[in-house]
Each structure stands twice: as C-alpha cells, then as structure tokens.
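Descriptive structure summary
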Amino acid sequence: MKSRSKLGTTIALLFSTIAFILALYDIFSHNSPIEHSAYAWFIALFTLLAIIFSVSMYSAKKGAALVITLLCSITAGVLAIIVGTYWILICIVLTLIGCIMYKAAKAR
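This section reports on the structure supplied with the text. (Residues numbered from 1 in each chain as written. Predicted model: local features only at pLDDT ≥ 70, side-chain atom pairs only at ≥ 80, totals over all residues. Heavy atoms only, no water.)

**Here we look at a positive patch on the surface**
Together, Lys-2, Lys-6, Lys-61 and Lys-106 make up a positively charged patch on the protein surface. Judged by its relative accessible area of 40%, Lys-106 is partly exposed. (Patch = residues over 30% accessible without salt bridge, like charges linked within 9 Å, V, L, I, M, F, W, Y side chains within 5 Å. Areas by Shrake-Rupley, 256 points an atom, 1.4 Å probe, with all protein chains shown as cover. Salt bridge = Lys/Arg side-chain N within 4 Å of Asp/Glu carboxyl O. Lys, Arg positive; Asp, Glu negative; His and termini not counted. Charge placed at Lys NZ, Arg CZ, Asp CG, Glu CD. Buried < 20%, exposed > 50% of the residue type's maximum accessible area, 1.4 Å probe, protein only.)

This is the structure we're talking about:
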C-alpha cells in the first residue's frame, strides 16, 4: 500500500509541475492571449503551491498537506476554466487524480 500512496504523490507532483511550466509559458509567451494577466500569475502561484504541498505529502503524517494541495489544485483548475487554458486544466485534473490515489492508499 505504501507504493500506491507514493505513486499518487508522484503523479500529483509530476502533473502540477507540468501545469506550472505551462502557466509560466502563458505568462511570458507573446502568443498567449493571457500574457502577463493577473489570471496567469494566479494560476502560476496556485500551481507552485500545489507543487510545494505535493512534495510535502511524501513525509506528511496527517492530511493537512493533502487538503492544501487539493485546495490549490481546485483553485488553479477553476482559474484555468475561466481563462480557457485547457492544457493546464487537464494537468490539474490529473493532479487531483493523483491526490485521490494518495488518499485511497492511505485509507486502507
């Protein structure tokens, strides 16, 4: 069961990192319609927080890191829906699936 929780954490970390890289691309790309907008900066902030707290899920004994990762991911997902950056939304959904896998492995 330990490997399943580590797999969920790894999936959450991997896809939140990809979402952060895509958010940075949206901030600094001249081809992006949301270049330097507040939405792009907030998506980058919340995906960075999701990275930080998904790393802390590796050593967390309680569920606080999971809850904060879920909140940051959901907030970044809602902002991605508002802005229309669907690649970031796909990565955030996969991050949430990783968090669900982590919780399901811990519940057993």
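**A look at the nonpolar core**
Considering soluble globular proteins, one finds that nonpolar side chains tend to be buried as a cluster. Within the largest apolar cluster, 17 residues are counted, with the highest numbers of intra-cluster contacts made by Ala-19, Ala-23, Ile-43, Ala-44, Ala-80, Ile-88 and Ile-92. The leading source of residues in this core is helix H1 (residues 2-28), at 5 residues. The contacts of Ala-19, once residues within four sequence positions are left out, are Thr-47, Ile-88, Cys-91 and Ile-92. In this structure, Ala-12, Met-57, Ala-65 and Cys-99 belong to the second largest nonpolar core, which totals 7 residues. (Core = buried A, V, L, I, M, F, W, Y, C linked by side-chain atoms within 4.5 Å. Helix = DSSP H or I, 4+ residues; strand = E, 2+ residues; numbered from the N terminus. Contact = heavy atoms within 4.5 Å.)

**Quick notes on the packing of helix H2 (residues 38-56) against helix H3 (residues 64-83)**
Packing of H2 against H3 brings their axes to within 8 Å, and their N-to-C directions diverge by 155 degrees. Put simply, H2 runs roughly antiparallel to H3. Between H2 and H3 the crossing geometry is left-handed. Counted together, Tyr-39, Phe-42, Ile-43, Phe-46, Thr-47, Leu-49, Ala-50, Phe-53, Ser-54 and Ser-56 of H2 and Ala-65, Ile-68, Thr-69, Cys-72, Ser-73, Thr-75, Ala-76, Leu-79, Ala-80, Ile-82 and Val-83 of H3 form the full contact between these two elements. Here the residues of the contact of H2 with H3 sort into 15 nonpolar, 6 polar and no charged. (Axes fitted to C-alpha atoms, helices over the stretch in contact; angles between N-to-C directions. Parallel < 35°, antiparallel > 145°, perpendicular 65-115°, else oblique. Left-handed = near helix turned anticlockwise from the far one by under 90°. Nonpolar A, V, L, I, M, F, W, Y, C, P; charged D, E, K, R; others polar.)

**Brief notes about the packing of H1 against H2**
At their nearest, the axes of H1 and H2 sit 8 Å apart, and the two run at 160 degrees to each other. Taken together, the axes of H1 and H2 are roughly antiparallel relative to one another. Handedness of the H1/H2 crossing: left-handed. Taken together, the residues of H2 that come into contact with H1 (itself represented by Thr-9, Ala-12, Leu-13, Ser-16, Thr-17, Ala-19, Phe-20, Ala-23, Ile-27 and Phe-28) are Ala-40, Trp-41, Ile-43, Ala-44, Thr-47, Leu-48, Ala-50, Ile-51, Ser-54 and Val-55. Residues belonging to the contact of H1 with H2 are distributed by class as follows: 15 nonpolar, 5 polar and no charged.

**Concerning a nonpolar patch on the surface**
A grouping of Tyr-39, Ile-74, Val-78 and Ile-82 is seen on the molecular surface, where their side chains present a nonpolar patch of about 370 Å² in accessible area. With 3 residues, H3 is the single largest residue contributor to the nonpolar patch. As for its position among the elements, Val-78 is in helix H3.

**A look at helix H4 (residues 86-107)**
Between its first and last C-alpha atoms H4 spans 31 Å; for 22 residues at 1.5 Å apiece the expected length is 32 Å, and the two agree. Inspection of H4 places Ile-88, Leu-89, Cys-91, Ile-92, Thr-95, Gly-98, Cys-99, Tyr-102 and Ala-105 among the buried residues, and these make up the whole buried set. Check the buried side of H4 and you find it contacts H1, H2 and H3. (Expected span 1.5 Å × (residues − 1).)

**Some thoughts on the environment of Ile-97**
Relative to the helices and strands, Ile-97 resides in helix H4. Exposure remark for Ile-97: the relative accessible area of 41% places this residue in the partly exposed category. A sequence separation of 62 residues divides Ile-97 from Glu-35, and the C-alpha atoms of the two residues are 29 Å apart.

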